[in-house]
Amino acid sequence: MNCTKHILSSTIGFALYLSINAISIWGGFFPLLPLEVQTTEVLIAFFVSQALSFGCVILLSASLAFRVPKLLQRTKPGLYPAIIFLGSVFIILSMYFEDYTLALIIAGGFFLGGGCAGLFTLWQSIFAAMSTERSNLTLILGAMAAPFVYSVVNLAPEAIAAFLVPMFLAPLCGTCLTIATHEVDFNQPMFEDKPTEHSAVYHRAVKDHWRSALCLGALGFVSGIVRGIAVLNDDIIFLVNEASLVGMLISAVILLIACCLRWLKIDLTDIFRIVYPALIVGFLLVPFLGAQYLTAFVTLTYFAFSLIQMLMMMQVAQISRNRGIHPVFIFGLFAGIAYIMQSIGFIVGWYGTLLPDQPALSLFGISQISTFILSMSLFIAIGSSFTDLLSRNSISLDSIELFHFTNNSFLLKAIEDKTQSAVKLAERTKPKLPTASAEQSNKPCQIRHKKVSPSDDTDVMRDMISKQCHILKARYGLSIRELEIAELLVRGNTVPAIATKLFISEHTVKTHSKHIYAKLGIHKKQELLELVEDIQVH
């Protein structure tokens, strides 16, 4: 019952944040304001000021997470809702002080951008502190609820609609955020770690994931271009919010179905591969088709960006749990690249439409630039040739793990059967190597001198121990990182040795070991060895 209450409060709070973000960052405030305020100059000033503020706060937070993580821990949950409240007040005041409209709009954009970015980092930390299943479920349900909250705000009478954010949404979001911070355990390695003492761990994380961040940035660039075009197009400017939230709702439903039906591993680069062809074709057709097509393309683009944005939050939480690094740091890598490229895309899209005498030519130029950016991002992030593109395995250690939310024995049996099939396939296809005797191969404790690290090829079946550990993973729902550490423990590696092999801190290894023991219902390493030894591989 308590868990249900915790998920409910976190879900409501995150849905409120997404609604505030849609209203504040994407320009949703402007439908709530009088038409005389909605000039092109005001719109551009707002978008530029909030984009700069949003990006700066994200990068500053990432820097603080590396330099002085304790400072972020002391940040009060009510700080950022208060900043959003102040930004909303500036926007509202612009309706009544016409001589200062532009200055008030810029100030409002600055505070709203910074406040929303700060809230984003706080929610990311909360999701990382949760378990995988609870984190993914809360994020998905919050994304499903956000469009309905946004719709209620838009249906409110025009006289009070603009006041709902500062008077209702921001305070309620702050309250839910405060409750959420008390419901999760922040005494975890990712928050207690001193990054400057383990800089190699952080450098390795950046090295492993900058490609996925680049894929997200490419979609951010595309969404920025679409928003830049929309700002100067009266027919679709207010469609951007609706398209974003509809895309988020569809994405959340798809992910919820995936979680309920099966256990799944995906990576951001996989999603980029899927949406890449549609976006390329879409941009190439933009100069030749009319406004109705452009409207549909806006919806498609923001659907893709919303989906990959949600997956980004899941993957950041996964990376943070696996490696024991501060979630705000790795979030800064992904979000920093994404929103900087989105801001650049916005400028390109806005500036490109300033050629009224040759609208078709400007749209053609924009489509070519977008196609080039998308193509180069795919080329750099995924492979240097067509062969690499086909052969590269993007499922990595930190891929997003979508666990089903019910303990369904039928599904668990199917997963175990799949693991058994993989074992048999590996047996038939692996090269013949010198092996120990049958008696030795069935005793994990007797081959502990083989301290092989599975970090680079987790799914490879090396020997009997690998097969037994994979079956253990299927039976007890271990994550990929937990599988790695369990196998290394069985092979006789010490905690410092595992930390060195996997580029994580010793404290993180100990925490993962505790999680493994809890899932297996054991209390010490010897029981793990005995449990693995008892697994029969056919």
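Note that the structure is a prediction, hence the values are computed from the model and not measured.

(A) Layout of the overall build of the protein chain. In terms of regular secondary structure, the protein chain is built from 23 helices and 2 strands. Burial statistics for the protein chain: of 538 residues in total, 55% are counted as buried. Summarising the internal contacts of the protein chain: among those between residues at least 6 apart in sequence, 83% fall at separations of at least 24. Carbon and sulfur atoms make up 66% of the accessible area of the protein chain, which amounts to about 23000 Å² in all.

(B) Region of interest: the packing of aromatic side chains. In this structure the tally under the stated criterion is 15 aromatic pairs. With 5.5 Å between their ring centres and 85° between their planes, Phe 110 and Phe 111 make a pair best called edge-to-face. The exposure class assigned to Phe 110 is partly exposed, which follows from its relative accessible area of 48%. We classify Phe 111 as partly exposed; its relative accessible area is 24%.

(C) Region of interest: helix α12 (residues 268-285). For α12, which comprises 18 residues, the first-to-last C-alpha distance of 26 Å matches the rise-based estimate of 26 Å (1.5 Å per residue) to within 8%. Within α12, the axis deviates most sharply at Val 275, by approximately 40°, and proline Pro 277 lies no more than four positions further along. All buried positions along α12 are accounted for by Leu 268, Thr 269, Asp 270, Ile 271, Phe 272, Val 275, Tyr 276, Leu 279, Ile 280, Gly 282 and Phe 283.

(D) Quick peek at the nonpolar core. Core analysis: the biggest nonpolar cluster contains 112 residues, and Tyr 17, Trp 123, Leu 311, Met 312, Phe 334 and Leu 374 have the highest contact counts within it. Ranked by the residues each element gives to this core, the list is headed by helix α13 (residues 291-323), at 17 residues. Not counting chain neighbours up to four residues away, the residues in contact with Phe 334 comprise His 209, Ser 212, Ala 213, Leu 216, Leu 268, Met 312, Val 316 and Ile 319. Core analysis: the second largest hydrophobic core is formed by 24 residues, Ile 471, Val 490, Leu 520 and Ile 522 among them.

(E) Highlighting helix α23 (residues 525-533). For α23, every residue scored as buried is listed here: Leu 528, Leu 529 and Val 532. Here the buried residues of α23 occupy an arc of 100° about the axis, which is enough to place them on one side. Where α23 is buried, its residues meet α19 (464-476), α20 (480-490) and α22 (506-520).

(F) Summary view of the environment of Thr 511. Inspection of the secondary structure assignment puts Thr 511 in helix α22. The exposure class of Thr 511 is buried, given its relative accessible area of 16%. In this structure the side chain of Thr 511 is engaged in a polar contact, spanning 3.0 Å, whose partner is the backbone oxygen of His 507.

(G) Summary view of the packing of helix α2 (residues 40-67) against helix α5 (residues 101-129). Axis separation between α2 and α5 bottoms out at 7 Å; the angle between their running directions is 30°. Here α2 runs over α5; the crossing is right-handed. In the contact of α2 with α5, the residues fall into 14 nonpolar, 10 polar and 1 charged.

(H) Up close: the pattern of salt bridges. The tally for this structure, following the rule as stated, stands at 5 salt bridges. In this structure, Glu 484 and Arg 481 form a salt bridge, with 2.7 Å as the shortest nitrogen-oxygen distance. Note that Glu 484 and Arg 481 are positioned in helix α20 at a spacing of 3 residues, about one turn of the helix. The same class applies to Glu 484 as to Arg 481, namely buried. Among the charged side chains, a salt-bridge network with shared partners connects Arg 204, Asp 208 and Arg 323.

About the thresholds
- Residues numbered from 1 in each chain as written.
- Predicted model: local features only at pLDDT ≥ 70, side-chain atom pairs only at ≥ 80, totals over all residues.
- Heavy atoms only, no water.
- Helix = DSSP H or I, 4+ residues; strand = E, 2+ residues; numbered from the N terminus.
- Buried < 20%, exposed > 50% of the residue type's maximum accessible area, 1.4 Å probe, protein only.
- Contact = heavy atoms within 4.5 Å.
- Areas by Shrake-Rupley, 256 points an atom, 1.4 Å probe, with all protein chains shown as cover.
- Phe/Tyr/Trp six-rings, centres within 6.5 Å; stacked < 30°, edge-to-face > 60°.
- Expected span 1.5 Å × (residues − 1).
- Bend = angle between axes of the 7 residues up to and from the residue.
- Core = buried A, V, L, I, M, F, W, Y, C linked by side-chain atoms within 4.5 Å.
- Arc of directions from axis to C-beta.
- Polar contact = N/O pair within 3.5 Å; in protein donor to acceptor, adjacent residues only side chain to side chain.
- Axes fitted to C-alpha atoms, helices over the stretch in contact; angles between N-to-C directions.
- Left-handed = near helix turned anticlockwise from the far one by under 90°.
- Nonpolar A, V, L, I, M, F, W, Y, C, P; charged D, E, K, R; others polar.
- Salt bridge = Lys/Arg side-chain N within 4 Å of Asp/Glu carboxyl O.

Just geometry here; none of it tells us what the structure is for.
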